[in-house]
Amino acid sequence: MSDTQASPTIPTNRAVLNLAWPLTLKAMMLHGIVVIDAWLVSALGEPALAAMGLAASFGALLLGVLAAFANATQIRVAQAFGTGEPVNLKTAFVAGMIISLVVALIGLVIVWSLAGTFIDHFAHTPWIAGEARSYLSVFLWVVMLEAVGQCMGSYFNGCGKTKVPFLSYLVAIPMNVGISYALIHGHFGLPEMGVTGAAVGSAAGALARVLFLAVGLLGITGGFRNVSGWRNTTLRVSIRRHLAFSLPIAGTFASNTVANYVSTLLFVKMTVNDFAAMTLIQPWVMVAGTFSISWAMATGIAVAQLLGRDCRGPELDSFLRRAWRGALIAAGIVALAFFGIILASGTLYDNLEAGTRAALLSFLPFLLILPFPKGSNAMCGHTLRAGGDTVYVMNIFLAAQWLFRVPLTALFILYLDLSVTWVFALFLAEEVVKFPSFHLRFLKGEWKRGLADD
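Calculation criteria
- Residues numbered from 1 in each chain as written.
- Predicted model: local features only at pLDDT ≥ 70, side-chain atom pairs only at ≥ 80, totals over all residues.
- Heavy atoms only, no water.
- Core = buried A, V, L, I, M, F, W, Y, C linked by side-chain atoms within 4.5 Å.
- Buried < 20%, exposed > 50% of the residue type's maximum accessible area, 1.4 Å probe, protein only.
- Helix = DSSP H or I, 4+ residues; strand = E, 2+ residues; numbered from the N terminus.
- Arc of directions from axis to C-beta.
- Phe/Tyr/Trp six-rings, centres within 6.5 Å; stacked < 30°, edge-to-face > 60°.

With an unreviewed UniProt entry as reference, the protein chain is termed MATE family efflux transporter, source organism Tropicimonas aquimaris.

Q: Explain the nonpolar core to me, using residue names and the numbers behind them.
A: In terms of nonpolar packing, the biggest core is built from 53 residues, with Phe93, Tyr135, Leu136 and Tyr155 touching the most fellow members. Secondary-structure elements contributing two or more residues to this core are helix H1 (13–41), helix H2 (46–83), helix H3 (86–122), helix H4 (126–158) and helix H6 (195–221). No other element matches H4, which puts 17 residues into this core. In this structure, Val16, Leu19, Ala20 and Val393 belong to the second largest nonpolar core, which totals 43 residues.

Q: Run through helix H12 (residues 354–362), naming residues and quoting values.
A: Those residues of H12 lying buried are Thr356, Ala359 and Leu360. Burial along H12 is one-sided: seen end-on, the buried residues are contained in an arc of 100 degrees. Turned more than 90 degrees off the buried face of H12, the exposed positions are Ala354 and Leu361.

Q: Which residues make up unusual backbone geometry, and what are the values?
A: Backbone geometry places phenylalanine 224, a non-glycine residue, at a positive phi of 55 degrees. Of note, phenylalanine 224 is situated in the loop between H6 and helix H7 (235–267). Under the relative-accessibility criterion, phenylalanine 224 is labelled buried at 11%. A positive phi angle is found at aspartate 310, which is not glycine, with a value near 65 degrees. Summarising the element assignment, aspartate 310 is placed in the loop between helix H9 (290–308) and helix H10 (314–343).

Q: Lay out the packing of aromatic side chains in plain terms, naming residues and giving numbers.
A: We describe a pair of aromatic rings using the distance from one ring centre to the other and the angle between the two ring planes. Taken as a whole, this structure holds 11 aromatic pairs when the rule is applied. Both rings, one in tyrosine 135 and one in phenylalanine 139, keep their centres 5.6 Å apart while their planes meet at 15 degrees; by these two values the pair is stacked. Placement of the pair is tyrosine 135 and phenylalanine 139 together in helix H4, with a separation of four residues, close to one helical turn. There is no split in this pair, since tyrosine 135 and phenylalanine 139 are both buried. Counting every residue linked through ring pairs, the aromatic cluster contains Phe93, Tyr155, Phe156 and Phe224.

Below is the structure:
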């Protein structure tokens, strides 16, 4: 990704890349909290893994909601960072932290009141139910710690220091693995806690991450002790404006989660081979596509900072043109990754039946195209959000998911009985449907007002 000559205040593509790669690895590591627990617990056998899976579904949902609010805080911090006003940074961070903690507490109350009934209903044995309850009771501490950690990470990301949150995971993950392993099996004189030991390890890793970020934050801000006042006159008004900005982003995440869950229930109605193919390819689509999405997120951070500096003219347009070229390169890299994954599927999954392998191979043409409209849509979405146009972005996602992809998935599977190839093609078709709405709104340019009317 070459760097074109630009004004000293305008980020180059290299600067965007420096923001994007830590975001990519951090996103993978965040998903890895539950993945690591599952890997370590798998040695205890299928019942233990089932117990952890039941409980972790609640934890993963709460972590996802917190990540959505943290993304909103990240944009607000980036806008504030661009203004160069310490009071704006303080306001964005404190308002974001309060909202994150309140959301986490509400989530904990809901989960604690409903999870027991859910676990008892779906657990195959009383032992599995008991282990799931025990794991969840500890993992909820992870949720509270991540409410703090993700908000602090958003502060660093919004200020362009994306490597700091990434480094915090390099501290947390080894501690998670070491403590989880010791407590699961009772090594080094520690008690043998089984499934619950994995949750304790995750909590210890999350605590280490929070402490790492807190030390760094205090070092550069001094806890905002010397910054008085709030950007919007009072903290209450600032929280209300921050929440109004954040809720559409959280709503987008919630809608996507429910839509994917409903789609998975529909996939169950397909043949075993077809369902297996969909189950195998979806995690790869998420993981391989992380780099392209992170590039768009990094671009959004840079745009928010530029809007904060009142840069809304030709320099901003020039930056976005260069960033879009970088996004096309990122999409090409993701497409090549998909190509390699499909070709290597026979080696990665050497026990697959012929029907499943044929289904995976049939996805390849769509996988080679998907990263390009998906990446361009992501660029529009993060740019619009950087300018405060969060409700419009949410509406595009809601319409595409609930008026297009989910109904057509049901039609293709339940009534037309089409092949899994047609069902998978809807992932590409959804991006094509969103494409005009995203790009027309972006080209209209109203989002460039950014902070001007906030």
